[in-house]
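Letter by letter, the chains look like this.
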Amino acid sequence: KAATRALAKLGATPVPSAKVPVIFEAEAAGDFLSNLFGAVNASNVLEERSFLAGKLNTAIASPLVTIIDDGTMRRGLGSRPFDGEGVQSRRNIVVNRGVLSRFLQTSVTARRMGVSTTGNAGRGYDSLPQVQPNNFFIDRGGTRLEKMIAEVPKGLYVTDLAGQGVDVVSGEFSQQVEGSWIEAGKITKPVEGITIGGHMPEMLLAIDAVGSDLEFRSNVASPSLRFKELTVGGS
């Protein structure tokens, strides 16, 4: 797979700027989800450093999206019997079919919010407990990646994200990406030297397909995601 991905990048060029459907391949979608974790971190919410502050129990994503943090998953890379405060690990549904159900907590943040802790405290030998993910993932959808691509008349297939262009305070998203161009439902050519820009609240609502290809290569994972339309900045 690594060799195939490397060969697919040969001869990559930019594409003209446009607003088109964009598919994040599973590993790229996992990077996107990693950026989102800061927005559901209760410490950031309490300090008003999250664009999701004040959004509890409201629709913040497509109904296709369910986000879970599960410290009890069998053989999960982030599984553990208890967190850094000795709280028993549990399964937490963070976003349920698009609706923000809870923020992830330590005992301190939970007490300040007047809710129960979620078992997400992590600590080092010289640090106080902080909110950390266990097995944090977007639940598997029902669409095969091949079908996602075949339904796109013209768009972008993203395999890699680079840079630090995500602000969880404002929700602004701007990252350099690599991948392939889609024409008439088929991968046609490799592309590089382009950026994707958007507003994370709008991006979450614009997800119109969730893949069935969820794999756990780290403790933060996602299946492939398709966004109805994003701004691609190219040549």
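Residues numbered from 1 in each chain as written. Predicted model: local features only at pLDDT ≥ 70, side-chain atom pairs only at ≥ 80, totals over all residues. Heavy atoms only, no water.

Trainee: Whenever I open this one, the overall build of the protein confuses me. Can you help?
Mentor: Helix and strand counts for the protein stand at six helices and 14 strands. Against the 2.2 N^0.38 benchmark of 18 Å for 235 residues, the protein shows a C-alpha radius of gyration of 18 Å, consistent with a compact globule. Once the C-alpha set of the protein is aligned to its principal axes, its extents read approximately 50 × 35 × 35 Å. A buried classification covers 46% of the 235 residues belonging to the protein. Relative to all contacts within the protein whose residues are 6 or more apart in sequence, the contacts with residues 24 or more apart total 70%. For the protein, the exposed area adds up to about 11,400 Å²; of that, 51% sits on carbon and sulfur atoms. (Helix = DSSP H or I, 4+ residues; strand = E, 2+ residues; numbered from the N terminus. Rg over C-alpha atoms; globule rule 2.2 N^0.38 Å. Buried < 20%, exposed > 50% of the residue type's maximum accessible area, 1.4 Å probe, protein only. Contact = heavy atoms within 4.5 Å. Areas by Shrake-Rupley, 256 points an atom, 1.4 Å probe, with all protein chains shown as cover.)

Trainee: What is the right way to look at unusual backbone geometry in this model?
Mentor: Here the phi dihedral of N57 falls at roughly 65°; this positive angle occurs in a residue that is not glycine. Inspection of the secondary structure assignment puts N57 in the loop between α3 (42-46) and β2 (67-70). Residues other than glycine seldom take positive phi values, yet R97 does so here, at roughly 50°. As for its position among the elements, R97 is in the loop between β3 (91-96) and β4 (99-100). Relative accessible area serves as the criterion here: at 64%, R97 is assigned to the exposed category.

Trainee: Sorry, what's going on with the pattern of salt bridges here?
Mentor: Opposite charge on two side chains makes pairing possible when the charged atoms of those side chains draw close. Enumeration according to the criterion identifies nine salt bridges in this entry. Residue D160 is joined to K9 by a salt bridge in which the shortest nitrogen-to-oxygen separation is 3.0 Å. Here K9 lies in the loop between α1 (2-8) and β1 (18-24) and D160 lies in strand β8 (residues 154-162), a separation of 151 residues in the sequence. D160 gets classed as partly exposed once you look at its relative accessible area, which sits at 23%. Overlapping salt bridges bring together K147, E151, D208 and R226 as one network. (Salt bridge = Lys/Arg side-chain N within 4 Å of Asp/Glu carboxyl O.)

Trainee: What should I look at first to understand the sheet that holds β2 in this one?
Mentor: Two modes of strand pairing occur in sheets, parallel and antiparallel, and in both the strands are linked by backbone hydrogen bonds. Sheet architecture is open: five strands sit in the order β4-β3-β2-β7-β13, paired in mixed fashion. Two strands close off the open sheet at either side, each with one partner strand: β4 and β13 (220-221). With four bridges joining them, β2 and β3 adopt antiparallel strand pairing. Paired with I67 across the strands is V95, a residue of β3. Where helix α2 (residues 26-40) meets the sheet, it contacts β2, β3, β4, β7 (136-138) and β13, and its direction lies at approximately 115° from that of β7. (Pairing = 2+ DSSP bridges. Axes fitted to C-alpha atoms, helices over the stretch in contact; angles between N-to-C directions.)

Trainee: Please explain the nonpolar core as it appears in this structure.
Mentor: The nonpolar side chains of a soluble globular protein tend to be buried, and buried together. In this structure, F24 and L156 are the most contacted members of the largest nonpolar core, which totals 47 residues. Of the residues forming this core, the biggest block, eight residues, is contributed by α2. The contact partners of L156, leaving out residues within four places of it in the chain, are V20, P21, V22, I23, V177, S180, W181, I182, V191, I194, I196 and V232. Membership of the second largest hydrophobic core comes to eight residues, among which are L145, I149, V152 and I182. (Core = buried A, V, L, I, M, F, W, Y, C linked by side-chain atoms within 4.5 Å.)

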